[in-house]
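Listed below are the residues making up each chain.
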Amino acid sequence: MCGIVGYVGKRDATPFLLDGLTALEYRGYDSAGIYVAGAGCLKRAGKVAELRKAVPKGFHGTAGIAHTRWATHGAPTEANAHPHADSTETVWLVHNGIIENYNDIKSRFLKKGVTFRSDTDTEVLAELIGSYHTSLPLEKAVAKALGEVRGTYGLAVMSVKEPGKIVAARLGSPLMLGIGTDAYYIASDATPVLKHTREVAYLDDGEMAVVTEAGYSIHTLGLEPVSKKTETLEWDVEAIQKKGFEHFMLKEMMEIPETIENTLRGRLLPDIGSVNLGGLRDTLPQLAKIKRIIITACGSASYAGRIGELLMEEFAGIPVEVEIASELRYRRHTANERDTALIAISQSGETLDTLEAIKEAKRHGMLTLGIVNVVGSTIARETDAGVYNHAGPEISVASTKAFISQLVVLAMIAILLGRNDGLSASEGMRLVKELKRLPALARKMLDKRGEIEKVAKKYAGMRDAYFLGRKWQCPVAYEGAIKLKEISYVHAEGYGAGEMKHGPIALIDKDFVTVVLAPKDSMYEKTRANIEETRARGGKIIAVTTEGNESDLEKIADDVITVPAAHEALLPILTTIPLQLFAYYVAKERELPIDQPRNLAKSVTVE
Ligand code: F6R
């Protein structure tokens, strides 16, 4: 949801700001803008490339801020693009988040005769800061204004009166400071900063940084000093580059085998059929007493959670409930949930709905655990304990390798909990052995991408698609549907295959494509029957099954894709891959902007 960058240093700010926006573009790409002290402000509707083209020669200065937008208030026009200024054009700011009470503040200024040039909440905040900055230094004006607003923000503010200074503040939207040798960098996340420095400081909610070429200081919004340790970034620069792939999505899918290796690295204990999850070690005594688990997440991560639910019920015998975070946060918990653990899954670690669900769970006494990819992210810090995915940066908006790594982590947690509660050593050993096989099996799956591309090309013109699966494969069906719809704009729905007869089957006709996940597992016969039912209504069928079983399905399906055989509880890790590839190749055939699909953003920090 919007990307922010800032630069103060000895060199020209413009190249860092433009490259930084490109690196953050996955967070939003409706419009972009830049403000450089001494050079001025420039904005464009559309992608960062439009802004880059528009930057004139001589647009230089040693301090500046920039923004790439995912629209919340106001259409994605040039007028609504950031940076926004107050009416005297003294204060300039970029903002990620939402000012909820902006209308009240706006009417105060409208009464005073101020004219606003945009429909945004951010311009109102600029006006408010500007009104205090007439008599206060910038940081005090920002602090005072923020004391009056309700909502969320990651902010970077500059003033014409104090041109070499940036004031950055955070509440609910991520913001970090990169500390270089001759410059300071501000960014929504680490990607723009990696090339320049590895030393960073993450702002926490309610904190503000005042940055000049001479140094930086961190304060509370009440301007009390905060001492903060800096951290060292571990991701390498190569990880955020396309390395010859046409799209990040393809590159990230091709990284799945290595991702699984990284997620498993050092965590398997084959001799005792268990796992070692360092991030959970301190909570093990508490975990041993847990009677119920709630898994929460959004979108794809929530589908990973549904597979986690099955894994934990099957191997640990613990009742698990999965609820999407945007609903969970408004549900009633009982006053004391000390026997319940909440597992929050988030690639970015910044998803606001998930974060709020965690806070609500904490208020009710739950132990909160995170399965998070981005190290140091808000959810990683907000949860009591957790497990990092180690999937590396995921840039494409559609989650692929991170989703797979979430499944791997969930399987390991299920084994860990199970070994405390009835899962035998031999079954644990078998599962650990199966986990170790996954990277090679995933590689084998990816080697078949040519076949999947052919199938995708054949169906690329489709209007609608169902994805069906049972038990382990039901959440995979949900995941297949979301992937297809988000990047190829094909209407798609995922169902438990048994649900078809309760309504969805009414839509089946000769133009309707149904992708059925039918590996040779304990659900196979029932799923096969659902294929027959769909076939009988004239629908087109693409079946995904395990190697060796293709001949049985070729009789009733139009196309058959095979995946290597594996333990049925771990098969979702493999059956997801062809669905990701299918969505990718359909979108490619339709010539769509795969890494940055319309209306979406990678990190969703608004409600
Ligand atoms: C779909 C997708 C989204 C995310 C969801 C949660 O491909 O990527 O549905 O899974 O927005 O994001 P995180 O995992 O960052 O909390």
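As a reminder, the structure under discussion sits directly above these lines.
A. Structural detail: the sheet that holds strand E13 (residues 215-220). One open sheet holds the six strands; their spatial order is E5-E6-E7-E8-E12-E13, and the pairing between them is antiparallel. Each edge of the sheet is formed by a strand with only one pairing partner; in this case those strands are strand E5 (84-85) and E13. Bridge analysis of strand E7 (residues 151-159) against strand E8 (residues 162-171) gives five bridges, and the strand direction is antiparallel. Within E8, the position partnered with Gly154 by the bridge is Arg170. Against the sheet, helix H4 (residues 121-133) contacts E5, strand E6 (91-99), E7 and E8, and its axis sits at roughly 130° relative to E6. Across the sheet, helix H5 (residues 138-146) lies against E6, E7, E8 and strand E12 (207-212), angled at about 25° from E8, the strand it touches most.

B. Quick peek at the environment of Lys57. Structurally, Lys57 is set in the loop between helix H2 (48-54) and strand E4 (63-69). The class of Lys57 is exposed, set by a relative accessible area of 86%. Separated by 292 residues in the primary sequence, Lys57 and Gly349 have C-alpha atoms spaced 39 Å apart.

C. Just the state of the cysteines, in detail. Going through the model one piece at a time under the given rule, you end up with zero disulfides. Cys41 provides the cysteine sulfur closest to Cys2, a residue in no disulfide bond, and the two sulfurs are 15 Å apart. Of the residues examined, Cys2 reaches a relative accessible area of 6% and is grouped as buried. Between Cys474, a free cysteine, and Cys298, which holds the nearest cysteine sulfur, the sulfur-to-sulfur gap is 19 Å. For Cys474, a relative accessible area of 13% gives the class buried.

D. Seen up close, the nonpolar core. Ranked by internal contacts, the top residues of the largest apolar core, which has 98 residues, are Ile293, Met312, Ile413, Phe467, Leu484 and Phe582. Among the elements that make up this core, the one with the highest residue count is helix H13 (residues 401-419) (13 residues). Residues contacting Leu484, with those up to four places away along its chain left out, are Met462, Ala465, Phe467, Tyr489, Val490, Ala492, Phe582, Ala583 and Val586. In terms of nonpolar packing, the next biggest core, distinct from the first, is built from 33 residues, Leu18, Val55, Phe59 and Ala66 among them.

E. Spotlight on the sheet that holds strand E26 (residues 559-563). On the basis of which strands lie adjacent, the open sheet formed by five strands has the order E23-E22-E24-E25-E26 and parallel pairing. Across the chains shown, the open sheet's two edge strands, defined by having one partner strand only, are strand E23 (491-496) and E26. Across the sheet, the mean angle from the axis of one strand to that of its neighbour is 20°, orientation sign disregarded. Note that strand E22 (residues 464-469) and strand E24 (residues 513-517) share four bridges and pair parallel. Each residue of the ladder has a partner; that of Leu468, found in E24, is Val516.

F. Summary view of helix H9 (residues 299-316). Given a rise of 1.5 Å per residue, 18 residues ought to cover 26 Å, and the 25 Å separating the end C-alpha atoms of H9 matches this to within 8%. Where burial is concerned, most of H9 is hidden: 14 out of the 18 residues are buried. Phi for Gly317, located one or two positions after H9, is positive at around 65°.

G. Representation of the pattern of salt bridges. Applying the stated criterion across every chain yields a total of 42 salt bridges. With a shortest N-O distance of 3.6 Å, Lys359 and Glu356 are connected by a salt bridge. Here the residue Lys359 and the residue Glu356 both occupy positions in helix H11 (residues 352-363), the gap between them amounting to three residues, near one helical turn. Sharing partners across several salt bridges, the network here consists of Arg292, Glu321, Glu323, Arg331 and Glu337.

Criteria and thresholds
Residues numbered from 1 in each chain as written. Predicted model: local features only at pLDDT ≥ 70, side-chain atom pairs only at ≥ 80, totals over all residues. Heavy atoms only, no water. Pairing = 2+ DSSP bridges. Helix = DSSP H or I, 4+ residues; strand = E, 2+ residues; numbered from the N terminus. Contact = heavy atoms within 4.5 Å. Axes fitted to C-alpha atoms, helices over the stretch in contact; angles between N-to-C directions. Buried < 20%, exposed > 50% of the residue type's maximum accessible area, 1.4 Å probe, protein only. Disulfide = S-S within 2.5 Å. Core = buried A, V, L, I, M, F, W, Y, C linked by side-chain atoms within 4.5 Å. Expected span 1.5 Å × (residues − 1). Salt bridge = Lys/Arg side-chain N within 4 Å of Asp/Glu carboxyl O.

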